[in-house]
Amino acid sequence: MKKKRFFVSTILILCTYLLLIFVSEYQRQQDTLFFESNDLYSTDHLFVKETFQTLIKETFKTSSDLSVFISLESKNNDNVRGYFSKDYSDTHFPLSNGSFFSTSNTKEALVGKEVATVSENDCTYYEYNNKKYKVIGYLGITKPSFLDESVLINDSSLFNMPTTYLTIDGKKSILFIMIDSVKTIPIKRIWD
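Described below are features of the structure shown in this document. The shown structure was predicted, so the numbers you read here are calculated from the model rather than taken from an experiment.

Observations regarding the overall build of the protein chain
Along the protein chain, the regular secondary structure elements total 2 helices and 12 strands. Along the protein chain, helices and strands appear, N-terminal first, in the series α-β-α-β-β-β-β-β-β-β-β-β-β-β. Within the protein chain, counting contacts between residues at least 6 apart in sequence, those at least 24 apart form 69% of the total. Carbon and sulfur atoms provide 57% of the accessible area of the protein chain, an area that totals close to 12,200 Å².

Things to note about the packing of aromatic side chains
The final tally for this structure, using the stated rule, is 4 aromatic pairs. When the ring of F100 is compared with that of F101, the centres are 5.0 Å apart and the planes differ by 50°; the resulting orientation is tilted. For the pair shown, F100 and F101 are each scored as buried. Put simply, the rings of F69, Y83, F100 and F101 pair up and form one aromatic cluster.

Overview of the pattern of salt bridges
Inspection of the entire model under this criterion finds 4 salt bridges. We note a salt bridge from K107 to D155, for which the minimum N-O separation is 3.2 Å. On the criterion of sequence distance, the pair formed by K107 in the loop between β4 (95–98) and β5 (108–111) and D155 in the loop between β9 (150–154) and β10 (166–169) is long-range, its members being 48 residues apart. Here D155 and K131 are joined by a salt bridge, their closest N and O atoms 3.3 Å apart. Note that D155 is positioned in the loop between β9 and β10 and K131 in strand β8 (residues 131–139), a separation of 24 residues in sequence. On the basis of relative accessible area, D155 is assigned to the buried category, the value being 0%.

Quick notes on the nonpolar core
Of all hydrophobic cores here, the largest spans 36 residues; its most connected members are Y83, F101, Y126, Y128, L152, I153 and L166. Ignoring sequence-local partners within four residues, the contact set of Y128 consists of L72, E73, V80, Y133, I153, L158 and M161.

About the thresholds
Numbering of residues starts from 1 in each chain and follows the order in which that chain's sequence is written. The predicted nature of this model means local features are confined to residues of pLDDT at least 70 and side-chain atom pairs, given and counted, to a pLDDT of 80 or more, with totals for whole chains, interfaces and linings taken over all residues. Water and hydrogen atoms play no part in the side-chain values, which are based on all heavy atoms of the structure. A run of H or I in DSSP becomes a helix once it reaches four residues, and a run of E becomes a strand once it reaches two; helices and strands are each numbered from the N terminus. Any two residues whose heavy atoms approach within 4.5 Å are treated as being in contact. All accessibility values rest on the Shrake-Rupley procedure with a 1.4 Å probe; residue burial counts only the protein chains present in the view. Stacked, tilted and edge-to-face are the three classes applied to pairs of Phe, Tyr and Trp rings, where Trp contributes its six-membered ring and a pair requires centres within 6.5 Å; stacked means planes under 30 degrees apart, edge-to-face means over 60, and tilted covers the rest. Only protein chains enter the accessibility calculation, which uses a 1.4 Å probe; a residue is then buried when its area is under 20% of its type maximum, exposed when over 50%, and partly exposed in between. Salt bridge, as applied in this entry: a Lys or Arg side-chain nitrogen positioned within 4 Å of an Asp or Glu carboxyl oxygen. Joining through side-chain atoms within 4.5 Å is the link that ties buried Ala, Val, Leu, Ile, Met, Phe, Trp, Tyr and Cys residues into a set, and such a set is a nonpolar core.

The structure is reproduced here in structure tokens:
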């Protein structure tokens, strides 16, 4: 009788453990699909009218998981954006092949399946403003994908280009209320 109870208890514990593994994998897949359908932004993203230098100097001190995107002009249909993050280890971006950026300013690119690239010396490159960025991964896990014509470039020099808005993203990001075109007031999110 004791052996039977032990066996049933062991089977129940094993089934519970397997169920937890399946649920966590399902949640990870759902998070990845969400990022793909939301143009690589989380629900916490904000559009701010600040310079990159101001964000780095003021906002990055108070937030550990902040990422910054900049929309860039493109001569074709590509949706090109620059990317910078304080922490490159925690990423949920949907990659069908390849890897994500390992550190900041690596002069590498992630491209969608429909983006034109150039192959040289067994490497693939994306060319933007007469500069070649090594392609290390391909965006989008669904076919067709919202990211088929997207490009993400890891080059902080792109943030010096004039733009109207930057996008900041992160679970513990700071809200910016635009008082006027010169002054912003940071406010912590109420629900954090």
